[in-house]
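Chain residues, written in single-letter form:
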There are 2 protein chains.
Amino acid sequence: MTPTRLMLRLYFGELMLGPGKADLLAGIAEEGSISAAGRRMGMSYKRAWMLVEAMNAGFAEPLVESARGGAKGGGAALTEAGQQVLAAYRALEAKLREAGADELAAIGALVRSDMSNGK
Amino acid sequence: MTPTRLMLRLYFGELMLGPGKADLLAGIAEEGSISAAGRRMGMSYKRAWMLVEAMNAGFAEPLVESARGGAKGGGAALTEAGQQVLAAYRALEAKLREAGADELAAIGALVRSDMSNGK
DNA sequence: CACTGTTATGTCCGAAAAAACATATCGAGT
DNA sequence: ACTCGATATGTTTTTTCGGACATAACAGTG
């Protein structure tokens, strides 16, 4: 049973931070590249880059630093702030699952069984 | 300062439950009417009704029961299941704020100050 | 100095979502 | 019967969002 997928999104005025941006940050950290991270999650480079731009603009310090040119064409990596934000977001997700397990289960029990599985 | 507005959304296959539907449920409970609840949150009746329909279809039992005609034109109210779902969702939000206060604060501290206020 | 893969942007188009507008139905009171 | 306010649906228009292309700049390497 595909259980209840959970989605946590934070709003700070214009800026919003949700699973999309968090996954992208994680992908960049692993791949060392915006385009590679985007590809991995089936996202166009343009879109991935726009998300990065939004994050860099919305936080006090950029979360991603990037360089272009060079042997491998360029690359990107998380800044200290980027790592902190990602870690905090992941921790938040984990705590939500932990602290809210009862409520999650309560709601899930009332959902139509057809909704639980993949369709 | 309007700090971090929090948005929690649950996915059960097709069905999704987020702040919009939760607030609508709360509005219906208070107003006793789908249209009044929708108006109160600046939402067209059509949209409010579609949300209700989606919830009633997605859960094992309807969350909202409605009647039309009569002296006051009709009305709507939460079913037992509706009250339970709303209560569980609110409890989930509360627990998230409580359990995740540290992480919330950590992320919020890194956001550009311009983002906190209404612009 | 040409080659290469990535960053960095812009423009255009279609799909999907939301808003706007339009009816139709119902039933207790008057 | 007629009214009134709310439910219940359709239809049309507008807006928004994302995808598809297109292009330029960049810097290390062979």
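The structure this text deals with has already been given above.
Treat the numbers as computed from the prediction; the structure is a model and nothing was measured.

### Here's the deal with the interface of chain B and chain A
Right, on to step 1. The interface is formed by 38 residues belonging to chain B together with 37 residues belonging to chain A.
Right, on to step 2. Summed over both partners, the interface of chain B with chain A comes to about 3600 Å²; 71% of that surface belongs to carbon and sulfur atoms.
Right, on to step 3. Lys95 of chain A is paired through a salt bridge with Glu103 of chain B; the nearest N and O atoms lie 3.3 Å apart.
Right, on to step 4. Joining chain B to chain A, the criterion identifies 12 residue pairs in polar contact (both at pLDDT 80 or more).
Right, on to step 5. Within the residue set of the side of chain B that touches chain A, elements represented by two or more residues are β1 (5-12), β2 (15-17), α3 (45-58), α4 (80-99) and α5 (101-110) of chain B.

### Thoughts on the pattern of salt bridges
All names here are of chain B.
Right, on to step 1. The full count for this structure, using the stated rule, is 10 salt bridges over all chains.
Right, on to step 2. Ionic pairing is found between Glu30 and Arg40, a salt bridge with its closest N-O pair at 2.9 Å. Highlighted residues: Glu30 in helix α1 (residues 19-31) and Arg40 in helix α2 (residues 34-40), separated in sequence by 10 residues.
Right, on to step 3. Among the residues examined, Glu30 registers a relative accessible area of 61% and is labelled exposed.

### A closer look at α5 of chain B
Right, on to step 1. Restricting attention to buried positions, one finds in α5 of chain B the residues Glu103, Leu104, Ile107 and Leu110 of chain B. Angularly, the buried residues of α5 of chain B cover 130° about the axis, an arc narrow enough to put them on a single face. For α5 of chain B, the exposed residues lying more than 90 degrees away from the buried face are Asp102, Ala105 and Ala109 of chain B.
Right, on to step 2. Packed against the buried residues of α5 of chain B are β1 (5-12), β2 (15-17) and α4 (80-99) of chain A together with β1 and α4 of chain B.

### Regarding the packing of helix α1 (residues 19-31) of chain A against α4 of chain A
All names here are of chain A.
Right, on to step 1. Here α1 crosses α4 at 125°, and the two axes come no closer than 10 Å. The angle between α1 and α4 places the two elements in the oblique class. Both α1 and α4 take part in a crossing whose hand is left-handed. Here Pro19, Ala22, Asp23, Leu25 and Ala26 of α1 lie close against α4, whose contacting residues are Gly82, Leu86, Tyr89 and Arg90.
Right, on to step 2. Split into classes, the residues belonging to the contact of α1 with α4 amount to 6 nonpolar, 1 polar and 2 charged.

### What about the nonpolar core?
Right, on to step 1. Residues Leu10, Ile28 and Phe59 of chain A together with Leu10, Ile28 and Phe59 of chain B are the most contacted members of the largest nonpolar core, which totals 69 residues.
Right, on to step 2. Excluding residues within four positions of it along the chain, Phe59 of chain A makes contact with Leu15, Leu17 and Val85 of chain A together with Ile107, Leu110, Val111 and Arg112 of chain B.

### Here's the deal with the packing of aromatic side chains
Right, on to step 1. This structure, assessed with the given rule, holds 0 aromatic pairs over all chains.
Right, on to step 2. Here the guanidinium or amino end of Arg5 of chain A rests over the ring plane of Tyr11 of chain B, the centre of that ring lying 4.7 Å away.

### Some points on the protein's contact with DNA strand C
Right, on to step 1. Neighbouring residues of DNA strand C: 20 residues in total, closest Ile34, Tyr45 and Ser66 of chain A together with Gly69 and Gly70 of chain B.
Right, on to step 2. If you look at DNA strand C and keep only atoms within 4 Å of the protein, 61% of those are sugar or phosphate atoms.
Right, on to step 3. At a separation of 3.4 Å, a phosphate oxygen of DNA strand C approaches a polar side-chain atom of Ser33 of chain A.
Right, on to step 4. The contact in question runs from a phosphate oxygen of DNA strand C to an N or O atom on the backbone of Ile34 of chain A, over 2.5 Å.
Right, on to step 5. Those elements giving two or more residues to the surface near DNA strand C turn out to be α2 (34-40), α3 (45-58), β3 (64-68) and β4 (74-78) of chain A.
Right, on to step 6. Taken together, the residues of the surface near DNA strand C break down into 5 nonpolar, 9 polar and 6 charged.

Thresholds, definitions, all that
Within each chain, residues carry numbers counting from 1 in the order of the written sequence. Think of it this way: whatever chain is written first is A, whatever ligand is written first is 1, and the rest follow in order. Where totals are concerned, whole chains, interfaces and linings use all residues; where local detail is concerned, this predicted model gives features only for residues with pLDDT of at least 70, and gives and counts side-chain atom pairs only at 80 or more. Values shown for side chains rest on all heavy atoms present in the structure; no hydrogens or waters enter the calculation. A contact between two residues is defined here by any heavy atoms of the two lying within 4.5 Å. As used here, buried area is the combined drop in accessible area, with a 1.4 Å probe, of two parts when they are placed together. Salt bridge, as used here, is a side-chain nitrogen of Lys or Arg placed within 4 Å of a carboxyl oxygen of Asp or Glu. Identification of polar contacts relies on pairs of N or O atoms within 3.5 Å, with a donor-acceptor requirement for protein atoms, meaning one able to donate a hydrogen and the other able to accept it, and with residues adjacent in sequence counted only if both atoms are side-chain atoms. Numbering goes from the N terminus for both helices and strands, where a helix is a DSSP run of H or I of at least four residues and a strand is a run of E of at least two. Partly exposed residues are those whose accessible area sits between 20% and 50% of the maximum for their type, while under 20% is buried and over 50% is exposed, using a 1.4 Å probe and protein chains only. The directions from the helix axis to the C-beta atoms form the arc being described. Every axis corresponds to a line fitted to the C-alpha atoms, with the helix fit spanning only the stretch in contact, and the corresponding angles, defined between N-to-C directions, vary from 0 to 180 degrees. Our angle categories are set so that under 35 degrees counts as roughly parallel, over 145 as roughly antiparallel, 65 to 115 as roughly perpendicular, and the remainder as oblique. Crossings are sorted by hand: turned counterclockwise from the far helix by less than a right angle, the near helix makes the crossing left-handed, and turned clockwise it makes it right-handed. Charged residues are taken to be Asp, Glu, Lys and Arg, nonpolar residues to be Ala, Val, Leu, Ile, Met, Phe, Trp, Tyr, Cys and Pro, and polar residues to be all remaining types, Gly included. Here the nonpolar core consists of buried residues drawn from Ala, Val, Leu, Ile, Met, Phe, Trp, Tyr and Cys, with membership extended through side-chain atoms lying within 4.5 Å. Aromatic rings from Phe, Tyr and Trp, with only the six-membered ring used for Trp, were paired whenever their centres fell within 6.5 Å, and each pair was classed as stacked if the ring planes differed by under 30 degrees, edge-to-face if by over 60, and tilted otherwise. Consider the ring centre and the ring normal. A charge sits over the ring if Lys NZ or Arg CZ is within 6 Å of that centre and within 35 degrees of that normal. Proximity criterion: a residue is near a molecule or strand once any of its heavy atoms comes within 4 Å of it.

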